[in-house]
Amino acid sequence: MSELVMVEQRRESGGGASLWIREGDERVPGRDSDARLTALRTGLARHPGVRALDADAADATVARTLGALHDPSYLEALDRLEGEEPVVMPEFAPPGLEPDIPVNAALVAVAREGVRTAISAAQRTLAGAEFTYAVCRPPGHHAGPAFHAGYCYLNNAAAAVLTLLGGGLAPVGVLDLDLHYPNGTSALLDRLPGRIGAGPAAVLHSLHAAPVTNVPAGAVLPRLAGERALAFEGTPDADAYLAEVAASVAELAAGAAAVVVSLGYDTVRGDPHGSWSLEPEAYARIGALLGACGRPICIVQEGGYALDALAACAHAFAAGLLGDRGCPFPAHAAERTTT
Ligand SMILES: [Zn+2]
């Protein structure tokens, strides 16, 4: 029976719940907290094919990986933060955009644990696990070489990619299925050294909502060689969306040794930062596509803030990925709490 290795984030860092995020001209209360991890874990652990492990990548590995991804001046500025006082650092907003989140030492500490979780999952992939899932927070895909935004301070998915490449799994396909365009991941993958004569070390596909608000107005997507950036106007029909997911999974699996999936559940109906209306069952179909693609899959959690839906989303995904074998809870859609 296939197995999904669920890598759990260390919680001793004090929580570091997000404080606020700017949406348009308004500051709204932040929605990233450990409650998300609890809900995701609950949904995944309900599947008998899921095995839980603690994030165990060494401090030195985390530091080395971050140093290879983010600019030294950025990491040093984050390290210098002390205490709980949130500060806005406009110098570290994405190029051409206004800052949208504050930062403090606790948020940096939890972001570092998120990176540790993603690296640990990738290490299990390198060790031969068919499917791994980093249950991490905050999300990372809006964090670039020297910028943070959208709850993201350090890039978890890019850390997983670098770990896989460092272990000899190359090239890596990156599939971002969060509602939002991964501006940070794209910027970081752009700086990876290419493989001589063999194309890029990592190829990014992103399916996301239009308009794309996390790149400067007028920016042209896709940004990178081989990148696929597919924006959906309005709420996509689930079948149409899944057909595009299938096309990306097939293309990435054909060309990559492993696939890192930046998985966001902010595409689900009712997500407080979302606008789409996918049902949890859609993630079972995504999981099934990935589970059948023939490549090792390393999942890294991105967004998804509907606390009443996250367990159902994660459980449906695991059931699809594992082919629903032996799962006593097949009625994913019915598990959702109605509000
Ligand atoms: Zn998102």
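Residues numbered from 1 in each chain as written. Predicted model: local features only at pLDDT ≥ 70, side-chain atom pairs only at ≥ 80, totals over all residues. Heavy atoms only, no water.

(A) Representation of helix H2 (residues 59–69) in the model. When we look at burial in H2, the residues that qualify are Thr-61, Val-62, Thr-65, Leu-66 and Leu-69. Buried residues of H2, viewed axially, fall in a sector of 130 degrees; they line one side. What points out from H2, more than 90 degrees from its buried face, is the exposed set Asp-59, Ala-60, Arg-64 and Ala-68. In this fold, the buried residues of H2 make contact with helix H3 (72–79), helix H4 (105–126), helix H5 (156–166) and helix H6 (183–189). (Buried < 20%, exposed > 50% of the residue type's maximum accessible area, 1.4 Å probe, protein only. Helix = DSSP H or I, 4+ residues; strand = E, 2+ residues; numbered from the N terminus. Arc of directions from axis to C-beta. Contact = heavy atoms within 4.5 Å.)

(B) Main features of the packing of H2 against H5. Axis separation between H2 and H5 bottoms out at 10 Å; the angle between their running directions is 105 degrees. Taken together, the axis directions place H2 and H5 in an arrangement best described as roughly perpendicular. Note on element contacts: H5 touches H2 through Ala-158, Ala-159 and Leu-162, opposite Thr-65, Ala-68 and Leu-69. (Axes fitted to C-alpha atoms, helices over the stretch in contact; angles between N-to-C directions. Parallel < 35°, antiparallel > 145°, perpendicular 65-115°, else oblique.)

(C) Structural view of the pairing of strand E3 (residues 26–29). Here strand E2 (residues 20–23) pairs with E3 via 4 bridges, running antiparallel. Bridging from a neighbouring strand, Arg-22 pairs with Arg-27 of E3. The hairpin formed by E2 and E3 contains 2 residues between the paired strands, and Gly-24 there has a positive phi angle of roughly 65 degrees. (Pairing = 2+ DSSP bridges.)

(D) Spotlight on the pattern of salt bridges. Scanning all chains against the criterion turns up 14 salt bridges. When the shortest N-O distance is used, the salt bridge between Asp-71 and Arg-191 registers 3.0 Å. You can see Asp-71 sitting in the loop between H2 and H3 and its partner Arg-191 sitting in the loop between H6 and strand E7 (202–210), a full 120 residues away along the chain. Overall, Asp-71 belongs to the partly exposed group, its relative accessible area being 23%. It is possible to trace a salt-bridge network through shared partners that takes in Asp-32, Asp-34, Arg-36 and Arg-137. (Salt bridge = Lys/Arg side-chain N within 4 Å of Asp/Glu carboxyl O.)

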